[in-house]
Structure formats: structure tokens, C-alpha cells
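Residues per chain, in single letters:
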Amino acid sequence: MRMDNNRTRRRDMQFAAFAASAAIVTFFLVYWFIQIQDTREMLKMAYG
Amino acid sequence: MNQLIYNFAAWLDSHRWSTLLHESFYMYNWVETTHVLTLMLSLGMLFLVDLRLLGYAFPDVPASAVAGRLKLPMLVGFTLMVVTGLLLFYAIPVRSAQSVWFRIKFLLLIAAAINAFLFHRRMRESVAAWDTDQRAPRRLRAAAALSIIFWVLIVICGRLIAYNWFDCEYDQPAFVSAVAGCIAGQELY
Amino acid sequence: MNAAVPIPWFRTIVVVTVVALGLTFAFSGLRIYVWEALLPFFEWMETTWFGVIGQTWGAAFAVVEAFHLLAMALLGGAVLVSDARLLGLAFTELPARQVLDPAHRLFVLALVLALATGVFMACGVAIKIYYLPVFWFKMLALATGVLFVFFIKRPLLHDGIEQLNPWLVRLVAIASVMLWFTVAASGRWIGFSG
């Protein structure tokens, strides 16, 4: 029982870490992509 | 001397690229942001090495391993700092050259460089004897502490360059005027 | 703390809940509602001692900001070194914890210094940053970063990284670098805005 608990706990930890990291990486990739895109569009509008 | 510096800065200022860089919102801020964020690479690594020698970080890692591994990112960081720093000076040459803070910062940079050079030599000569000790010998600890102090002051001066309290375009006490290298009747920028 | 949590899949549930709540908050009217409710607090910040000093004495503000930058440098150094170890780029010959634990101590020190100086600066320019989207974005990234470090990264790496999936370790390291880079970069952008 104790062993099993430990294994569940470790799998929980790893799954949580995966979910959180994947969410963060996805979010910031999208965020920085949009930021760069916006800046480029603005520069294009300004200088053609 | 001040006249020479002024002439050089005014010459830089007459360049078209200098004006373009200064007046470009994105380019100037991009360079400035890189200059500041690279602190994480250059000073971040430098502080870790200094703190290791002082005994406050990575006590179980040999000092030579810390210094050796962090040297490359640190040098990359410092190279970026120098390049972006020169560009920032190029964008606003006259005001920077006549800034009290810029001048102090420049002297501190020279001092820090000399300190780093001596430190490096002393470290190479003696590191084998104390590599795994928690703290480096006294003289190296002093150099590490000095390095931290220099860089703290350099960052403070760098930040203060943005403030115009001592700019030549205002009436300044003779002392400030002399340190800033203001030239009587000079053109204002 | 770990042994005291009886709920199975506790951390996963918390992570999913926080992400879901965060997204709901960001894409609903709730965000505007909370923002409007916070205005009195930011007005009050400018009237505190910190706010008064920051507004009237530019030199104090600049020096505190310099220390904010120094804290950022130290924090960045600690994050880069520990994440380089996790990515297998440096110190691979050493046990992970010999690098990660001291780096974490420096990280906490730098975080405390950055938060303390940051609160002082925020008081000095409270109304300005209140209207800056980039400030709120930085706060979001900062809160995420602190939660990520103390709720995910540290507990995950607590028992060493050898028995973990190396790709999970790398993903965590990349997320950490992106988070703290965004915090620093959006912080710099606050200075250019408004």
C-alpha cells in the first residue's frame, strides 16, 4: 500500500510538471509569436 | 582633452546612422533591452563565480569547475554588453560623453577590468591548492568582493546616465562642469 | 507536506484547475472587473512612504532600480545555471542536486531582493503602471514563475533527476527559462511605455 502510494505520488508529480510546463511553453510561444508579428506589421505600416 | 572628446562625440553625432538609431523607437529600445537583459548572462555568471570564491554558493563544486564552465557564457554576455553599449553610445554620443555618470562608469569599468585580469592570474597560479575548499584564500576573496562592488557601482552609474541633473545644457556648479567636461559656448544637443 | 496530502493526483488537479481558472479569467469580463476594483489600491500605493519617496526623490528611485537590475542579474544567473544543468549543457559530471540546491538558494535570495525593490518602484509609479497592459502581463508571468518554481520544479527535482524522463526534465527547464526571460523582458518594456 505504502509503495503504491509513493508511485502514484511520483506519477502525479511528473504528470503535473508535464502539464504545467507544456502549458507555459505553448502560451509563451504563442505570445512571443504574436508580439513579433504585431511589431513587424506596425513597422510595415510605418515604412512600407 | 575635453575638447578632443567633444569633437569626437560631435563627429559621431553627425553620422546619419547615429541619428537613425537614436530616433528609432524599436531599434533603440531593442538595443537597450538587449544591453540590460544581457546582465543576466554577464553579471549573473560573474556573481556566481565571485560568490563561489566567497563561500556563498556551490560549496561542493570545485571552484575551477564553476569558473571554467561559466567563463564562456560570461564572455558571450560581456561581448554583447560591449557591442550594445557601444551602439547606445553611438546613438547619443555628445550627451553620453559629457555625462558625469558615464565618465565614472567608464573609470569603474577600467578598474573592474584590471581587477579581473589580476584575479584571473592569481587564480590560475594558486587554484590547485584550494580548489575544493569552501572559501578561496583571503586575497582572492578580496578580489571577488571588489569585483562585486565595482559591478554594483557600474550598474548604478549606468542607470543614472538616463537622468539629466548634471547635463551641460543646464547651469552647473564649476565642479560639475569640470567633471562632465562641458565646453563654454558649445552647441547643445 | 508531500506525505500529508491524502488526495490522489493532487498536484495534477491543482495545475489543471489553475490553468482553467487563468484562461477563464483572461477571456471573461472578470478581468476588467478586478482591474477596476484595484484602482483605489494603486492610488493608495502612491500615497505611502515608498510612493512619496519614489516620486519626489529621483535618485532614490534610480538607485533602487539599479539594485532591481542587479537582483535580476543574479536571478538570471541562478536560473540559467540550474536550467543548463537540467538541459545537460553544463556540470553534467556533477550530481544534479549539487548544482540545483545552491542555485535555488541564490534564486530565492535574488527573488526576495527583486520583489522588495520592485514593490518600492511600483509605489512610485503606481498609477502609470496601473494603465500599462505590459505591467499586468509581467505580474502574471511573475506569479506563474513563483508558483512553477515552488509547486512544480522544486518538488519534481527533489529526489534527483536520474529516474525522471529526460524529456520531461528538458521541458521543465525550457519552461523555466521562457518564464523568467519574459518576466525580465516585459519588465524592461515597462520603462519604455507610457
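This text follows the structure it describes.
Student: Outline the side chain of Thr84(B), listing residues and values.
Tutor: All names here are of chain B. Here Thr84 shows up in helix α5 (residues 63-91). With a relative accessible area of 7%, Thr84 lands in the buried category. A polar atom in the side chain of Thr84 sits 2.9 Å from the side chain of His35. Once you skip the residues sitting within four places of it in the chain, Thr84 turns out to touch Val31, Thr34 and His35.

Student: Let's hear about the environment of Leu156(C): which residues, and what values?
Tutor: Assignment of secondary structure puts Leu156(C) in helix α8 (residues 133-157). Residues Leu156(C) and Leu179(C) lie 23 residues apart in sequence; the distance between their C-alpha atoms is 17 Å. Beyond its immediate sequence surroundings of up to four residues, Leu156(C) is in contact with Met13(A), Gln14(A), Ala17(A), Leu164(C), Leu168(C) and Val172(C).

Student: Just give me the short version of the state of the cysteines, but keep the residues and values in it.
Tutor: Residues and elements named next belong to chain B. Applying the stated rule across the entire model yields 1 disulfide over all chains. Linked covalently through their sulfurs, Cys168 and Cys182 form a disulfide whose S-S length is 1.9 Å. Taking the sign of the torsion about the S-S bond as the criterion, the disulfide between Cys168 and Cys182, at about -90°, is left-handed. Placement of the pair is Cys168 in the loop between α8 (138-160) and α9 (174-180) and Cys182 in the segment after α9, with a sequence separation of 14 residues. The class for Cys168 is buried, based on a relative accessible area of 19%. Here Cys157 stays unpaired: no disulfide links it, and the sulfur of Cys168, its closest cysteine neighbor, is 17 Å away.

Student: Quick one: what's the story with the packing of helix α7 (residues 100-130) of chain B against α8(B), residue by residue and with numbers?
Tutor: Residues and elements named next belong to chain B. Axis separation between α7 and α8 bottoms out at 9 Å; the angle between their running directions is 155°. Viewed along their axes, α7 and α8 adopt a mutual orientation that is roughly antiparallel. As for the relative orientation of α7 and α8, their crossing is left-handed in sense. A class-by-class count of the residues in the contact of α7 with α8 yields 19 nonpolar, 4 polar and 3 charged.

Student: Help me get a handle on the interface of chain B and chain C, residues and values and all.
Tutor: Taken together, the contact pairs 34 residues of chain B with 34 residues of chain C. Here chain B and chain C share an interface that buries about 2,800 Å² over both sides, 82% of which is from carbon and sulfur atoms. Interface area lost by chain B to chain C is led by Met40(B), Phe58(B) and Arg69(B), which between them contribute 21%. Our enumeration of links across chain B and chain C arrives at 3 salt bridges. Where Arg159(B) meets Glu65(C), a salt bridge forms, and the shortest distance between an N and an O atom there is 2.9 Å. Where chain B packs against chain C, one counts 2 residue pairs in polar contact (both at pLDDT 80 or more). Elements that contribute at least two residues to the side of chain B that touches chain C include exactly α3 (25-37), α4 (39-54), α5 and α8 of chain B. Here the side of chain B that touches chain C takes 9 residues from α4(B), the largest share from any one element. Here the side of chain B that touches chain C is composed, by residue class, of 27 nonpolar, 3 polar and 4 charged.

Student: Report on the interface of chain A and chain C, specifying residues and quantitative values.
Tutor: Across the boundary between the two partners, chain A contributes 22 residues, which contact 28 residues of chain C. Across the interface of chain A and chain C, roughly 2,200 Å² is buried in total on both sides, 81% from carbon and sulfur atoms. In terms of surface lost to chain C, no three residues of chain A exceed Asp12(A), Met13(A) and Phe28(A), which account for 24% of the buried area on that side. Connecting chain A to chain C are 0 salt bridges. Taken together, chain A and chain C are joined by 4 residue pairs in polar contact (both at pLDDT 80 or more).

The rules behind these values
Residues numbered from 1 in each chain as written. Chains lettered and ligands numbered in written order. Predicted model: local features only at pLDDT ≥ 70, side-chain atom pairs only at ≥ 80, totals over all residues. Heavy atoms only, no water. Helix = DSSP H or I, 4+ residues; strand = E, 2+ residues; numbered from the N terminus. Buried < 20%, exposed > 50% of the residue type's maximum accessible area, 1.4 Å probe, protein only. Polar contact = N/O pair within 3.5 Å; in protein donor to acceptor, adjacent residues only side chain to side chain. Contact = heavy atoms within 4.5 Å. Disulfide = S-S within 2.5 Å. Axes fitted to C-alpha atoms, helices over the stretch in contact; angles between N-to-C directions. Parallel < 35°, antiparallel > 145°, perpendicular 65-115°, else oblique. Left-handed = near helix turned anticlockwise from the far one by under 90°. Nonpolar A, V, L, I, M, F, W, Y, C, P; charged D, E, K, R; others polar. Buried area = accessible area lost by both parts, 1.4 Å probe. Salt bridge = Lys/Arg side-chain N within 4 Å of Asp/Glu carboxyl O.

These results come straight from atomic positions and should not be treated as a statement about function.
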